[in-house]
Amino acid sequence: MAAAGNGQCPQAGPVAQIVRFLGHRAADWLLLALLSLFLGSSYMFQDLAVKTLPPATVTGLRMAVAALAVTALALAWGHRLPRAPGLWGHFLAIGLIGNVLPFYVITWGQEGIDSSLAGIIIATAPTITLVMAHFLVRGERMTRGRLLGFAVGFAGIVVLLAPGMTGEDAQPMRLFAVLLGAACFALTAILSARLPDDLPPLVTASGAMLAAAAAAVPLALLVEGWTPVREATGRGWGLAVMLGLFATGGASILYFRIVASAGPAFLSLTNYLVPLVAVACGVLFLGETVGANAWAGMALVLAGVWLGERAKKKAMKAAGGNPRTA
């Protein structure tokens, strides 16, 4: 991992944290920028996709494309897919909870809310993880600092979801559907940490996406039938392929590359960059308007994320771990 500062100020603010990260290689920053762009712009492409294809079909096509692309890359790099049934059961759980369900409910939710708002709501995932980890991960107790991070982040969620705060056109069930997607991503982070340490990341991504595609494609056919596929326009196919190649498959590859070369602490910067990219894409390319309440909600959510991450690093340092790689 590239040098990331002298570590003499464990409670440094976000500006000092960014300065410390400036020691990373230019290649790491380029990968981080690409990952943030792929993930942040996905909400814009989903908004366009659901105007031509129904949600389950978008999800099925997206996962099929991603599974083919990532598996082909894994095999090209000389990896072999595992045969252990138990491991594939874990892949299936991650594929369903981390891909099929969240992509479906988020895409469904975006039929009734702006893409920029969806991107902000998804940014709550790290805050939700704090609560889930307290109950599901040994040693991840809700400390005072984590509780503060959750409280601030939860205040942001209230601001975003409170009736009358998100505009007259926003539909409450669509908002909560996107929040459910964020909860799925939070749970997936915990499930993924339970995979064997010696499993190549690209094999994990390939296995999870193959399992997700095996579930998403039949589900789309069961729920929406062949008609959307037969009647899909070139625009619809193009958007589904872009979501599969870049926002799903490409993002997964970039994710593991960044973790390997720069560490998860550096990767955590995406928590702040992705919602900003989502808002920028919605405003610049879709003509969306972001109200003062949405900005306030995003500020609270991102502040909660930062407080939670700071508390985690302090706890790791107290336990003798390396807070830079947390």
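Residues numbered from 1 in each chain as written. Predicted model: local features only at pLDDT ≥ 70, side-chain atom pairs only at ≥ 80, totals over all residues. Heavy atoms only, no water.

(A) The arrangement of the overall build of the chain in detail. Across its full length, the chain carries 14 helices and 0 strands. Each helix (α) and strand (β) of the chain, taken in turn from the N terminus, gives the series α-α-α-α-α-α-α-α-α-α-α-α-α-α. Taken over 326 residues, the chain has a buried fraction of 49%. Long-range pairs, those at least 24 residues apart, make up 85% of the contacts in the chain between residues at least 6 apart in sequence. In the form shown here, the chain has an accessible surface area of approximately 15,100 Å², with 68% of it arising from carbon and sulfur atoms. (Helix = DSSP H or I, 4+ residues; strand = E, 2+ residues; numbered from the N terminus. Buried < 20%, exposed > 50% of the residue type's maximum accessible area, 1.4 Å probe, protein only. Contact = heavy atoms within 4.5 Å. Areas by Shrake-Rupley, 256 points an atom, 1.4 Å probe, with all protein chains shown as cover.)

(B) Seen up close, helix α5 (residues 115–122). Most of α5 sits out of view: 8 of its 8 residues are buried. Buried residues of α5: Ser115, Ser116, Leu117, Ala118, Gly119, Ile120, Ile121 and Ile122, and no others.

(C) Main features of the packing of aromatic side chains. The full count for this structure, using the stated rule, is 5 aromatic pairs. Their ring planes at 85° and their centres at 5.0 Å tell us that Trp29 and Phe266 sit as a pair that is edge-to-face. Here Phe266 lies in helix α12 (residues 264–267) and Trp29 lies in helix α2 (residues 26–49), a separation of 237 residues in the sequence. On the basis of relative accessibility, which here comes to 27%, the residue Trp29 falls in the partly exposed class. The exposure class of Phe266 is buried, given its relative accessible area of 0%. (Phe/Tyr/Trp six-rings, centres within 6.5 Å; stacked < 30°, edge-to-face > 60°.)

(D) Structural context of the confidence of the model for the chain. A residue-level look at the chain finds 88% of positions with pLDDT of 70 or above and a mean pLDDT of 86. The spread of mean pLDDT over the elements of the chain runs between helix α1 (residues 14–21), the lowest at 54, and helix α3 (residues 55–76), the highest at 96. With pLDDT under 50 throughout, residues 1–12 is counted as low confidence; its partners more than four residues away or in other chains account for 27 contacts. (pLDDT = per-residue confidence, 0-100.)

(E) Empty space enclosed by the protein, seen in detail. Scanning the model with the defined rule gives 1 cavity of 30 Å³ or more in all. Considering only enclosed or pocket space, the largest cavity measures out at about 30 Å³ in volume. Secondary structure elements with two or more residues in the lining of the largest cavity: α3, α4 (85–109) and α9 (201–224). Per element, the largest residue contribution to the lining of the largest cavity is 3 residues, and it comes from α9. (1 Å grid on protein atoms, 1.4 Å probe; cavity = no way out; pocket = protein on both sides within 12 Å on 5 of 7 lines; lining within 4 Å. Points joined across faces, edges and corners; volume = space filled by probe spheres on them.)

(F) Representation of the packing of α5 against helix α13 (residues 270–286) within the structure. In contact at an axis separation of 8 Å, α5 and α13 are set at 175° when each is read in the N-to-C sense. If you check the angle between α5 and α13, you find them roughly antiparallel. Residues Ser115, Ser116, Gly119 and Ile120 of α5 pack against Pro275, Ala278, Val279, Gly282 and Leu286 of α13. Here the residues of the contact of α5 with α13 sort into 5 nonpolar, 4 polar and no charged. (Axes fitted to C-alpha atoms, helices over the stretch in contact; angles between N-to-C directions. Parallel < 35°, antiparallel > 145°, perpendicular 65-115°, else oblique. Nonpolar A, V, L, I, M, F, W, Y, C, P; charged D, E, K, R; others polar.)

(G) Broad picture of the nonpolar core. Ranked by size, the top nonpolar core spans 46 residues in total, and within it Tyr43, Ile113, Ile121 and Ile258 carry the most contacts. Membership of the second largest hydrophobic core comes to 14 residues, among which are Leu48, Ala232, Ala240 and Cys281. (Core = buried A, V, L, I, M, F, W, Y, C linked by side-chain atoms within 4.5 Å.)

(H) Spotlight on the pattern of salt bridges. Under the definition given, this model contains 4 salt bridges. Between Glu140 and Arg146 there is a salt bridge, and its shortest N-O distance comes to 2.9 Å. Judged by its relative accessible area of 24%, Glu140 falls in the partly exposed class. (Salt bridge = Lys/Arg side-chain N within 4 Å of Asp/Glu carboxyl O.)

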